[in-house]
Amino acid sequence: MATATEAPRGAVAHPDVGSYQQVNEDVLKILGRPGRGWWILFGLASLGLAVFAGSWANQIINGIGLSGLNSPIGWGAYITTFVFWVGIAHSGTLISAILFLFRAPWRQSVYRLAEAMTVFAVMTAGLFPLIHVGRVWHAYWLIPYPNSRFLWPNFKSPLVWDVFAVTTYFTVSAVFFYLGTIPDLAAARDQARGLRKKFYSVVSLGWRGTDSEWHHFGKAYIFLAALATPLVLSVHSVVSWDFAMGIVPGWHATIFAPYFVAGAIFSGVAMVITLAVPMRKFFGLEAYLTNKHFDALAKLCLLTSLIVLYAYLTEFFMAWYSGEPPERGVFWNRVFGPYWWATWTMLVCNGMVPILLWFKRVRRSIAALFVISIFVNIGMWFERFVIIVTSLSHEYEPFAWGMYRPSITEMGIVLGSFGWFCFWFLLFTRLLPPVAIAELKEVLPAPLRSRARKEAAR
């Protein structure tokens, strides 16, 4: 039990926060008039969104032949980016659900933006199967539904499992995200005026903060947290089975499920850092996103990077130990073949750069963490590229080997997807509190709680 003069055990202190009212004011002011930095970022995101829409429209009009996809490489940058964004989505559930169940006290300041990142990352990932289909107006054939033509997808295919896994994950993540925002939406409602007040009144569902409401809220939140936790393991495991269920050299391995889950958490935590750093700067959240929060995120990033590096070494060892020439050939081709640059980018960004996180000075440096997180994001995209392209380009028969070069249209769509993601994320920061107000108050040091009670009594 914490005494009257000490913070709750494990709590991350916020020395510049004076009272509950100040928490409301500091967080809700973000929803006011945006500053110049927000408009610059929003302009860049809108430009990326325009590139994305233009490139996709060009492909729809002129056909999938504009891409660099060929035989034998039928999967390329689109499926690479699909797997990348699904992986990005996983840290939101990790930070919000799993760390909540383990009562990690540092999650309060970062879990809201991580949950939002999850929802928008899944929205982005869901676009790429539609883009990859080419004839997007026929994409509904992927969905199993009763129809007069008796056309059903192959339920034995992992691609169909993806449809169920990703849609389930998106539904649960969106509900979990919305449920957690209800008390904060009520706080925004009480301070808003005009049309915003009407909007917050509707979405806050008449929240009044009574004991009964908090009781039911807590029960529902812990239920959804327990429901969402297995999805962290199941969804990206299903995505990994897209590869592991095939007989392509470099894919058919039992290590893929844990390997993909660790990689997803690794890339997702790095993206949380990438998003949290500019938010901290532009919105003046230094009192809530402290060095201790970034230190905890960096340690989690370091842990998952070591797991991913171990998986890389295991893959190369198993290829050598198998004694299979096609398997050995694929991994030799990855390191010394025509795609050596992608493999070494992956190894450097994911295996060598994160080693710097062993040093406390680096973990406490916001600038260093931001740069490292960018390297990790780049490396994790190339990891998926290496897995997909190098294996398909160098299968069993030499006469079927080929090369794949992404086209300008493909890269426009891939880069534009980041604009799509940032567009929605920036809108989120203008409409919903990006930091959890109610849960931040739970970890305020005890003296500040007492001061808050005195202010409320006045």
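Throughout, residues of each chain are indexed from 1 in the direction in which the sequence is written. For a predicted model such as this one, the threshold for reporting local features is a pLDDT of at least 70, and the threshold for listing and counting side-chain atom pairs is 80 or more; totals across whole chains, interfaces and linings nevertheless cover every residue. Side-chain metrics in this entry use all non-hydrogen atoms of the structure; hydrogen atoms and water are not considered.

## What to know about the overall build of the protein
Inference 1: Along its length, the protein carries 17 helices and zero strands.
Inference 2: Taken along the three principal axes of its C-alpha coordinates, the protein extends 85 × 55 × 40 Å.
Inference 3: We call two residues in contact whenever any of their non-hydrogen atoms come within 4.5 Å of each other. In the protein, the proportion of contacts linking residues at least 24 apart, taken out of those at least 6 apart, comes to 81%.
Inference 4: Summing over all exposed atoms, the protein offers an accessible surface of approximately 21200 Å²; the carbon and sulfur share of this is 69%.
Inference 5: In the protein, 36 positive and 23 negative side-chain charges are present, and the distance between their average locations comes to 9 Å. For the purposes of this entry, the term helix denotes a DSSP run of H or I that reaches at least four residues, the term strand denotes a run of E that reaches at least two, and both are numbered from the N terminus. Note on areas: these come from Shrake-Rupley sampling with a 1.4 Å probe, and a residue is covered only by the protein chains present in the view. Positive charges come from Lys and Arg alone, negative charges from Asp and Glu alone, with His and the N- and C-terminal ends not counted. By convention, the charge on Lys lies at NZ, on Arg at CZ, on Asp at CG and on Glu at CD.

## Things to note about a nonpolar patch on the surface
Inference 1: Residues Leu306, Trp340, Trp341, Trp344, Val348, Met352, Ile355, Leu356, Trp358 and Phe359 make up a contiguous nonpolar surface patch of roughly 1000 Å² in combined accessible area.
Inference 2: In terms of residues, the nonpolar patch owes the most to one element, helix H12 (residues 340-352), which gives five residues.
Inference 3: Tracing the backbone shows Trp340 in helix H12. Grouping into patches uses exposed residues only, defined as over 30% relative accessible area, and leaves out salt-bridged ones; the cut-off is 9 Å for like charges and 5 Å for nonpolar side chains (Val, Leu, Ile, Met, Phe, Trp, Tyr). Each salt bridge in this description consists of a side-chain nitrogen of Lys or Arg and a carboxyl oxygen of Asp or Glu lying within 4 Å of one another.

## Focus on the pattern of salt bridges
Inference 1: Applying the stated criterion across every chain, the model contains seven salt bridges.
Inference 2: When the shortest N-O distance is used, the salt bridge between Arg364 and Asp295 registers 3.8 Å. Highlighted residues: Arg364 in the loop between helix H13 (360-363) and helix H14 (366-392) and Asp295 in helix H10 (residues 291-322), separated in sequence by 69 residues.
Inference 3: For Glu383, the salt bridge goes to Arg384, with nearest N and O atoms at 3.6 Å.

## What about unusual backbone geometry?
Inference 1: Cis peptide bonds are those with omega within 30 degrees of zero, and the linkage from Ser71 to Pro72 qualifies with 15°.
Inference 2: Mapped onto the fold, Pro72 is located in the loop between helix H2 (36-62) and helix H3 (77-88).
Inference 3: Although it is not a glycine, Leu205 sits at a positive phi angle of roughly 60°.

## So, H2
Inference 1: Under the convention used throughout, the expected extent of a helix is 1.5 Å for every residue step, that is, one less than its residue count. For H2, spanning 27 residues, the distance from its first C-alpha to its last is 39 Å, which sits close to the expected 39 Å at 1.5 Å a residue.
Inference 2: Relative accessibility decides the category of a residue: with a 1.4 Å probe and only protein chains considered, values under 20% of the type maximum give buried, values over 50% give exposed, and everything between is partly exposed. Residues Gly37, Trp38, Phe42, Ala45, Gly48, Phe52, Ser55, Trp56 and Gln59 constitute the buried set of H2.
Inference 3: In this fold, the buried residues of H2 make contact with H3, helix H5 (111-133), helix H9 (256-282) and helix H15 (408-431).
Inference 4: Directly after H2, the chain includes Gly63, whose backbone phi takes a positive value near 100°.

## Some words on the layout of surface pockets
Inference 1: Each cavity reported here is a set of points on a 1 Å grid over the protein atoms alone in which a 1.4 Å probe fits but cannot get out, each pocket an open set with protein on both sides within 12 Å along at least five of seven lines, and each lining residue one with an atom within 4 Å of a point. Grid points are joined across faces, edges and corners, and a volume is the space filled by probe spheres set on the points. Estimated volume of the largest pocket: approximately 830 Å³.
Inference 2: Together, 36 residues line the largest pocket, and Met271, Thr274, Ile374, Phe418 and Cys422 are the ones closest to its centre.
Inference 3: Among the secondary structure elements, those contributing two or more residues to the lining of the largest pocket are H2, H3, H9, H14 and H15.
Inference 4: Top contributing element to the lining of the largest pocket by residue count: H15, with 10 residues.
Inference 5: Gly is put with the polar residues, along with every residue not named as nonpolar or charged; the nonpolar set is Ala, Val, Leu, Ile, Met, Phe, Trp, Tyr, Cys and Pro, and the charged set is Asp, Glu, Lys and Arg. For the lining of the largest pocket, the class distribution of residues is 30 nonpolar, five polar and one charged.

## Brief notes about the environment of Pro433
Inference 1: Secondary-structure assignment places Pro433 in the loop between H15 and helix H16 (437-442).
Inference 2: For Pro433, a relative accessible area of 0% corresponds to the buried category.
Inference 3: For the pair Pro433 and Arg112, spaced 321 residues apart in sequence, the C-alpha separation works out to 8.2 Å.
Inference 4: Here Pro433 is in contact with Val27, Leu28, Leu31, Arg112, Asp184, Leu185 and Phe428, once residues within four sequence places are set aside.

## Description of the confidence of the model for the protein
Inference 1: On average, residues of the protein carry a pLDDT of 84, and 92% of them reach 70 or more.
Inference 2: The score called pLDDT rates the predictor's confidence residue by residue, from a low of 0 to a high of 100. Predicted confidence for residues 1-11 stays below pLDDT 50, and this span has 18 contacts to residues more than four positions away or in other chains.

## Examining the packing of aromatic side chains
Inference 1: What counts as a ring pair is set by centres within 6.5 Å for rings of Phe, Tyr and Trp (its six-membered ring), and what kind of pair is set by the plane angle: stacked under 30 degrees, edge-to-face over 60, tilted for all other angles. All chains considered together, the criterion is met by 46 aromatic pairs.
Inference 2: Ring geometry for Trp381 and Phe382: centres 5.4 Å apart, planes at 85°, overall edge-to-face.
Inference 3: An aromatic cluster is defined as three or more aromatic residues linked by ring pairs; in this entry it consists of Trp38, Trp39, Phe42, Phe52, Trp56, Trp420, Phe423 and Trp424.
Inference 4: Any Lys NZ or Arg CZ found within 6 Å of a ring centre and within 35 degrees of that ring's normal is scored as a charge over the ring. Seen from the ring of Phe331, Arg334 lies directly overhead, with NZ or CZ sitting 4.5 Å from the centre.

## Regarding the packing of H9 against H14
Inference 1: The axes are straight lines fitted to the C-alpha atoms, using for helices just the contacting stretch, and the angles between their N-to-C directions are given from 0 to 180°. One can describe the packing of H9 onto H14 by two numbers: an axis separation of 9 Å at closest approach and a directional angle of 145°. For the pair H9 and H14, the crossing hand works out as left-handed.
Inference 2: Broken down by class, the residue content of the contact of H9 with H14 amounts to 17 nonpolar, five polar and three charged. By definition, turning the near helix anticlockwise from the far helix through less than a right angle yields a left-handed crossing, and turning it clockwise yields a right-handed one.

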